[in-house]
Amino acid sequence: MHELRITRENARFQQWEALLTNRSKRHRNREFLVQGVRPITRAVEEGWTVRALLRADGAASTWSDGLWSTTDAERVLLSPELHARLSGREEGAELVAVVEMPDDGVARLEDSRRPHGPVVVFDRPTSPGNIGTLARSADAFGASALVVTGHAADPYDPQAVRASTGSLFALTVLRVPGPGPVVEHAHAHGYRIVGTDEVGGVLADADLGGRVVIVVGNETHGLSSGWRDACDEVVAIPMVGTASSLNAAVAGSIVLHESLRQRG
């Protein structure tokens, strides 16, 4: 494929740079930036569509040479100065990938590569980093999907992608305006819906081994009333000490681990 060379800022570069901070442009163009060796590698290995690879002119490594020569994507050489503006915090990352967003339809929940894992719902998260952290745990503990609902941070924000260390690409990722579509899908396909809260049943007594949707609430306000009403059960994590609550992503990770334990 032909290599495009960009040595000074132009409209094309500005379009890519906007993907770092402008959520509306990310979703309008249905593409986002992926920075770093592991996230880009995972995106390619998991079959996500890479629209373009952006490389610093003159940079080379075995890793970047391999992707550059084998990935079916537009190849763009940027001046080191322009590339540095897109590559984020990771020093020496020779490549940035422009990756296509998948569709958000809940029907994709049945197409997961891990059909027996739980579906994780994060309700109105405000922190992209927490989304990435929960995606990492969801991957580690065998979840099939990560669904972000309500007015929430963007799972395709660079902070979320970096925090996931590539695990985002191992999951079916959806954004849904509210509980309705997920609840309807859960009822139609035999899922139980289990919420997490400071007050609830004993976590170890909950049935998390079958088809289950695990709902994690907002970092400050917990579950919305809509999700609380939809839950078949609400569970709490036993705690000792002086902490009054756990970080939402940490709480979700503990429940996911219990689900994995029950599945054996």
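Residues numbered from 1 in each chain as written. Predicted model: local features only at pLDDT ≥ 70, side-chain atom pairs only at ≥ 80, totals over all residues. Heavy atoms only, no water.

J.: What am I meant to see in the overall build of the protein chain here?
T.: Each helix and strand counted, the protein chain has 10 helices and 11 strands in total. Here the C-alpha atoms of the protein chain give a radius of gyration of 20 Å, agreeing with the 18 Å that 2.2 N^0.38 yields for 264 residues. In terms of overall dimensions, the protein chain has C-alpha extents of about 60 × 40 × 35 Å along its principal axes. When each of the 264 residues of the protein chain is scored for burial, the buried share is 52%. When contacts within the protein chain are restricted to residue pairs at least 6 apart in sequence, those whose partners lie at least 24 apart make up 75%. In the form shown here, the protein chain has an accessible surface area of approximately 11800 Å², with 49% of it arising from carbon and sulfur atoms. (Helix = DSSP H or I, 4+ residues; strand = E, 2+ residues; numbered from the N terminus. Rg over C-alpha atoms; globule rule 2.2 N^0.38 Å. Buried < 20%, exposed > 50% of the residue type's maximum accessible area, 1.4 Å probe, protein only. Contact = heavy atoms within 4.5 Å. Areas by Shrake-Rupley, 256 points an atom, 1.4 Å probe, with all protein chains shown as cover.)

J.: What should I look at first to understand the environment of Ala 152 in this one?
T.: By the secondary structure assignment, Ala 152 is in the loop between strand 7 (145–149) and helix 7 (158–163). Separated by 66 residues in the primary sequence, Ala 152 and Asn 218 place their C-alpha atoms 8.9 Å from one another.

J.: Is there a simple way to think about the layout of surface pockets in this case?
T.: Where empty space is left in the structure can be found by rolling a water-sized probe over the atoms. In this structure, the largest pocket occupies an estimated 430 Å³ of space. What lines the largest pocket is a set of 21 residues, among which Asp 197, Glu 198, Ser 245, Leu 246 and Ala 251 lie closest to the centre. By residue number, the principal contributor to the lining of the largest pocket is strand 9 (residues 192–202), which donates three residues. In terms of residue class, the lining of the largest pocket is made up of nine nonpolar, nine polar and three charged. Considering only enclosed or pocket space, the second largest pocket measures out at about 310 Å³ in volume. Taken together, 15 residues form the lining of the second largest pocket, with Trp 48, Arg 108, Arg 113, Leu 171 and Thr 172 sitting closest to its centre. (1 Å grid on protein atoms, 1.4 Å probe; cavity = no way out; pocket = protein on both sides within 12 Å on 5 of 7 lines; lining within 4 Å. Points joined across faces, edges and corners; volume = space filled by probe spheres on them. Nonpolar A, V, L, I, M, F, W, Y, C, P; charged D, E, K, R; others polar.)

J.: Teacher, can you tell me more about the sheet that holds strand 3 (residues 50–56) here?
T.: Consider a sheet: its strands pair through backbone hydrogen bonds, and that pairing is either parallel or antiparallel. Pairing is mixed across the open sheet formed by five strands, whose spatial order is 1-4-3-5-2. Of all strands in the sheet, those bounded by a partner on one side alone are strand 1 (3–6) and strand 2 (31–35). The mean angle between the axes of side-by-side strands here comes to 25°, regardless of whether they run parallel or antiparallel. Where strand 1 meets strand 4 (residues 74–78), four bridges bridge the pair, whose relative direction is parallel. Bridge pairing in strand 4 places Arg 5 opposite Leu 77. With respect to the sheet, helix 1 (residues 11–21) is in contact with strand 1, strand 2, strand 3, strand 4 and strand 5 (95–100), its orientation differing from that of strand 2 by roughly 75°. (Pairing = 2+ DSSP bridges. Axes fitted to C-alpha atoms, helices over the stretch in contact; angles between N-to-C directions.)

J.: For this particular structure, what's the right way to read the pattern of salt bridges?
T.: Pairing is possible between side chains of opposite charge, provided their charged atoms come close. Tallying each qualifying case throughout the model produces 17 salt bridges. Note that Arg 51 is salt-bridged to Glu 31, the shortest N-O span being 2.9 Å. Of this pair, Arg 51 sits in strand 3 while Glu 31 sits in strand 2, and the two are 20 residues apart along the sequence. Judged by its relative accessible area of 30%, Arg 51 falls in the partly exposed class. (Salt bridge = Lys/Arg side-chain N within 4 Å of Asp/Glu carboxyl O.)

J.: How do you make sense of the nonpolar core when you look at a structure like this?
T.: Taken as a class, soluble globular proteins show a tendency for nonpolar side chains to be buried jointly. With 48 residues, the main nonpolar core has Phe 32, Val 34, Trp 48, Leu 134 and Leu 256 as its most contacted residues. Top contributing element to this core by residue count: helix 10 (residues 248–263), with five residues. With residues up to four places along the chain from it excluded, the contact list for Leu 134 reads Val 120, Phe 122, Leu 146, Val 216, Ala 249, Gly 252, Ser 253 and Leu 256. Counting residues in hydrophobic clusters, the runner-up holds 19 residues, among them Ala 145, Leu 174, Val 213 and Ala 230. (Core = buried A, V, L, I, M, F, W, Y, C linked by side-chain atoms within 4.5 Å.)

J.: When you look at the pairing of strand 6 (residues 119–123) in this model, what are you seeing that I'm missing?
T.: Residues in a regular strand point their side chains to alternate faces of the sheet. Most of strand 6 sits out of view: five of its five residues are buried. Relative to strand 7, strand 6 runs parallel, the two sharing five bridges. The partner of Asp 123 across the bridge, within strand 7, is Thr 149. Traced from strand 6 through helix 6 (residues 128–140) to strand 7, the parallel crossover comes out right-handed. Strand direction decides the pairing type here: strand 6 and strand 10 (residues 212–216), joined by four bridges, are parallel. Within strand 10, the position partnered with Val 119 by the bridge is Val 213. (Right-handed = clockwise from strand over helix to strand, strands pointing away.)

J.: Even after reading the chapter, I still don't get the pairing of strand 3, so can you show me in this structure?
T.: The element strand 3 is largely enclosed, with a buried count of six among its seven residues. As paired strands, strand 3 and strand 5 are joined by five bridges and run antiparallel to one another. From the neighbouring strand, Leu 53 faces strand 5, where its bridge partner is Ala 97. In terms of handedness, the path from strand 3 via helix 4 (residues 62–70) over to strand 4 forms a crossover that is right-handed.

J.: Got a minute to help me understand helix 4 in this structure?
T.: Side chains of residues three or four places apart in an α-helix project in the same direction, reflecting 3.6 residues per turn. When helix 4 is considered as a whole, its buried residues turn out to be Ser 64, Leu 67 and Trp 68. Angular distribution of buried residues about the axis of helix 4 spans 100°; they occupy a single face of the element. Helix 4 presents Thr 62, Ser 69 and Thr 70 as exposed residues on the side facing more than 90 degrees away from its buried surface. At its buried positions, helix 4 is contacted by strand 1, helix 3 (37–45), strand 3, strand 4 and strand 5. (Arc of directions from axis to C-beta.)

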